Amino acid sequence: MCGMVGVRDAFYSKTKRFCSVSCSRSYSSNSKKASILARLQGKPPTKKAKVLQKQPLVAKLAAYAQYQASLQQNQTKSKAGDALIGFDWGHYVWSNKFTGAPVSCFKHVPMGTRWGDIAEGVRVEVPNTDSNLPTKVFWIAAIIKLAGYKALLRYEGFDSDSSLDFWCNICGSDIHPVGWCATSGKPLVTPRTIHHKYTNWKAFLVKRLTGAKTLPPDFCSKVAESMQYPFKTAMRVEVVDKTHLCRTRIAVVESIVGGRLRLIYEECDDGTDDFWCHMLSPLIHPVGWSRSIGHRFKRSDGSKKQDVQCDAAAHLFAKVKDVDQSGEWYQEGMKLEAIDPLNLSAICVATVRKVLAEGYLMIGIDGSEAADGSDWFCYHSTSPSVFPVGFSEINKIELTPPRGYTKLPFKWFDYLREMGSVAAPVKLFNKEVPNHGFRIGMKLEAVDLMEPRLVCVATVTRIVHRLLRIHFDGWEDEYDQWVDCESSDLYPIGWCELTGYQLQPPASQCEYSHSEPSLNKSWIIIIIILAFDIALFTSGGRPKALHRTHCKVN
């Protein structure tokens, strides 16, 4: 797809069209790239926008140049003081009558295990925005609707009047339990809109609040405590190599946002070769893990380790269940079903390719494996991403057959007989289904695992035991992903706002600029040079004919 030339078996994916996993991922996110290109051209993207449609190389480079120019314009506007407005979860939920997944569904997020009885009807003390006083004053409000961390509040005394209702993050710094103002010496002031309704507001509050619930007294301190993370910058870890899933590499923690780690691969000098994941992700391990279980590992130059860096302690990583491999256990060649890590919307026919120590397995997708096993991937035997033969059929999920297999519809019995293989014993798989609390239609924030730096507005569209089908709002169903209910890549509404992480809004909710930034001479020169160099490379030294484009140079 990118012009790389080589032997077919050295390429990736079922179609053998990609030179690397990152190239495949770039292709998988083509609709998002198409949206950027459409935005640059002053057009709103459609759901059917595809980068697959071939465009002249110079046109693509020109679009990229426009993208850079628009970024520069945006930076200039920001410096001038123009505020950037983020996605409005409150309006999105309220206007569409959506339901947000409760915070208690997410054990890995701040307050996830301490959410308790926070629900509609709980009273809190919040800033009073309906006041003429020059100082910051407060008033009591009730939670009208709760969606993740986001709460719709109504000031006490407004009864059925929703004119001043407002959304806020319940874990924000301005939300306090009733009684906080009294202990902190802050004034409770009646909103001026309703000040005339009662002459004795103290008696009104006593009557209204008797028997009502509020936040725990230590709620704010508990929030702050739950947002302290054990990982620190400059810690070294082993993480999956995003260009070769079959091996791990050393990476260094560059930054931490809400428990999500930005890792820089150790041999990267400019800090651009990065990988995002949560600190509880099964993709990261302590240094030495690969050697201890027999997993492939890409060695790096040990001399590059800096004095400030240290290996992350083993107890910081997510624990896996102990398994007994001494009895009946997985064997090489056994068949099963597995989520394809390069196409997370698909459950595929797969094979155990290698049995590692401590319950880990190397899995390959039938019909699309590289000859050298470079696209095998590692799952623990208790992983919720592997399933026994027949799982998809029983649960009415479409099973992706091996590429090139012609005897359709696919039947496991016939396939096993043809391959001379056996199915992995059902009793070896993880059959535990927690009471997770998710329901179909619930909204949440979810990582796009094909672009793991992105957290997007998403919806639970199907639930199969502990498996959730996650749909990214505004995108086609082909970008859906199967995710475990306890995945650390799922977050409640308001998580991005609380932690300071950027949230990607639904494609249909984006605002697109209709301005078309002009290209200066330097950009046009760069475009011509790049176009010529790439043409030389892709034609084996003989440049392909470049169509002349007419550009007006100012």
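Residues numbered from 1 in each chain as written. Predicted model: local features only at pLDDT ≥ 70, side-chain atom pairs only at ≥ 80, totals over all residues. Heavy atoms only, no water.

- Looking at an unreviewed UniProt entry, one finds the protein chain named Mbt domain containing 1 and attributed to Callorhinchus milii.
- In its Subcellular location (unreviewed entry) section, the UniProt entry covering the protein chain states "Nucleus". (UniProt positions renumbered as here; feature names shortened; annotations may be inferred.)

### Points about the overall build of the protein chain
Here comes step 1: Secondary structure summary: the protein chain contains 12 helices and 25 strands in total.
Here comes step 2: Within the protein chain, the fraction of its 554 residues that count as buried is 49%.
Here comes step 3: Here the analysis covers contacts within the protein chain between residues at least 6 apart in sequence; of these, 62% occur between residues at least 24 apart. (Helix = DSSP H or I, 4+ residues; strand = E, 2+ residues; numbered from the N terminus. Buried < 20%, exposed > 50% of the residue type's maximum accessible area, 1.4 Å probe, protein only. Contact = heavy atoms within 4.5 Å.)

### Focus on the sheet that holds strand 6 (residues 176-177)
Here comes step 1: Read across the sheet, five strands follow the order 5-4-3-2-6 without closing on themselves; strand pairing throughout is antiparallel. With one partner strand each, in any of the chains shown, strand 5 (166-169) and strand 6 form the two edges of the open sheet.
Here comes step 2: Along the sheet face, helix 6 (residues 201-209) touches strand 2 (123-127) and strand 3 (138-147) and points at about 30° away from the line of strand 3. (Pairing = 2+ DSSP bridges. Axes fitted to C-alpha atoms, helices over the stretch in contact; angles between N-to-C directions.)

### Side note on the nonpolar core
Here comes step 1: If you look at the biggest cluster of nonpolar residues, it comprises 65 residues, and the most contacted ones within it are Trp-115, Leu-153, Cys-171, Phe-438 and Ile-470.
Here comes step 2: Per-element tally for this core: the top contributor is strand 3, with six residues.
Here comes step 3: A domain-level breakdown of this core finds at least three residues from each of domain 2 (118-215) and domain 5 (442-511).
Here comes step 4: Discounting chain neighbours no more than four positions away, the residues touching Trp-115 are Val-103, Ser-104, Leu-146, Gly-148, Tyr-149, Ile-170, Cys-171 and Phe-219.
Here comes step 5: Counting 55 residues, the second-largest nonpolar core is a separate cluster that includes Leu-316, Leu-336, Met-450 and Trp-482. (Core = buried A, V, L, I, M, F, W, Y, C linked by side-chain atoms within 4.5 Å. Domains from an automatic or database assignment.)

### Regarding the pattern of salt bridges
Here comes step 1: This structure, assessed with the given rule, holds 29 salt bridges.
Here comes step 2: Its salt-bridge partner being Glu-432, residue Lys-321 comes within 2.5 Å of it at the nearest N-O pair. Of this pair, Lys-321 sits in the loop between strand 13 (310-311) and strand 14 (335-340) while Glu-432 sits in the loop between helix 10 (412-419) and strand 20 (442-447), and the two are 111 residues apart along the sequence.
Here comes step 3: The class for Lys-321 is partly exposed, based on a relative accessible area of 46%.
Here comes step 4: Connected via shared salt-bridge partners are Arg-123, Glu-156, Asp-159, Lys-197 and Arg-208. (Salt bridge = Lys/Arg side-chain N within 4 Å of Asp/Glu carboxyl O.)

### Some remarks on the side chain of Asp-241
Here comes step 1: Along the chain, the position of Asp-241 falls in strand 7 (residues 235-241).
Here comes step 2: The buried category is assigned to Asp-241, whose relative accessible area is 0%.
Here comes step 3: Residues within four places of Asp-241 in sequence aside, it is in contact with Arg-247, Thr-248, Arg-249, Tyr-265 and Lys-298.

### Some details on helix 7 (residues 219-226)
Here comes step 1: Regarding helix 7, the residues found buried are Phe-219, Val-223 and Ser-226. Down the axis of helix 7, the sector holding all buried residues measures 70°, keeping them to one side. (Arc of directions from axis to C-beta.)

### So, the environment of Arg-236
Here comes step 1: By the secondary structure assignment, Arg-236 is in strand 7.
Here comes step 2: For Arg-236, the side chain forms a polar contact with the side chain of Glu-266, separated by 2.8 Å. (Polar contact = N/O pair within 3.5 Å; in protein donor to acceptor, adjacent residues only side chain to side chain.)

### Points about the packing of aromatic side chains
Aromatic ring pairs are described here by two measures, namely the spacing of the ring centres and the angle between the planes.
Here comes step 1: A full pass over the atoms with the stated rule returns 28 aromatic pairs.
Here comes step 2: Judged by centre distance (5.0 Å) and plane angle (80°), the ring pair of Tyr-198 and Trp-201 falls under edge-to-face.
Here comes step 3: According to the relative accessible area criterion, Trp-201 is buried, its value standing at 9%.
Here comes step 4: Consider the rings of Trp-495 and Tyr-501, whose centres lie 5.7 Å apart with planes at 40°: the pair is tilted.
Here comes step 5: Site record: aromatic cluster; members linked through ring pairs are Phe-87, Trp-89, Tyr-92 and Phe-98.
Here comes step 6: Taking NZ or CZ as reference, Arg-249 lies 4.1 Å from the ring centre of Tyr-265, over its face.
Here comes step 7: Over the aromatic face of Phe-98 sits the side chain of Lys-443, whose NZ or CZ is 4.1 Å from the ring centroid. (Phe/Tyr/Trp six-rings, centres within 6.5 Å; stacked < 30°, edge-to-face > 60°. Lys NZ or Arg CZ within 6 Å of the ring centre and 35° of its normal.)

### Points about unusual backbone geometry
Glycine aside, the phi torsion of most residues is negative, and most peptide linkages are trans.
Here comes step 1: With an omega of 0°, the peptide bond between Leu-408 and Pro-409 qualifies as cis.
Here comes step 2: Position of Pro-409 among the secondary structure elements: in the loop between strand 19 (399-400) and helix 10.
Here comes step 3: Unlike most non-glycine residues, Asp-159 shows phi in positive territory, near 50°.
Here comes step 4: With respect to the helices and strands, Asp-159 occurs in the loop between strand 4 (150-155) and strand 5.
Here comes step 5: A relative accessible area of 38% places Asp-159 in the partly exposed class.

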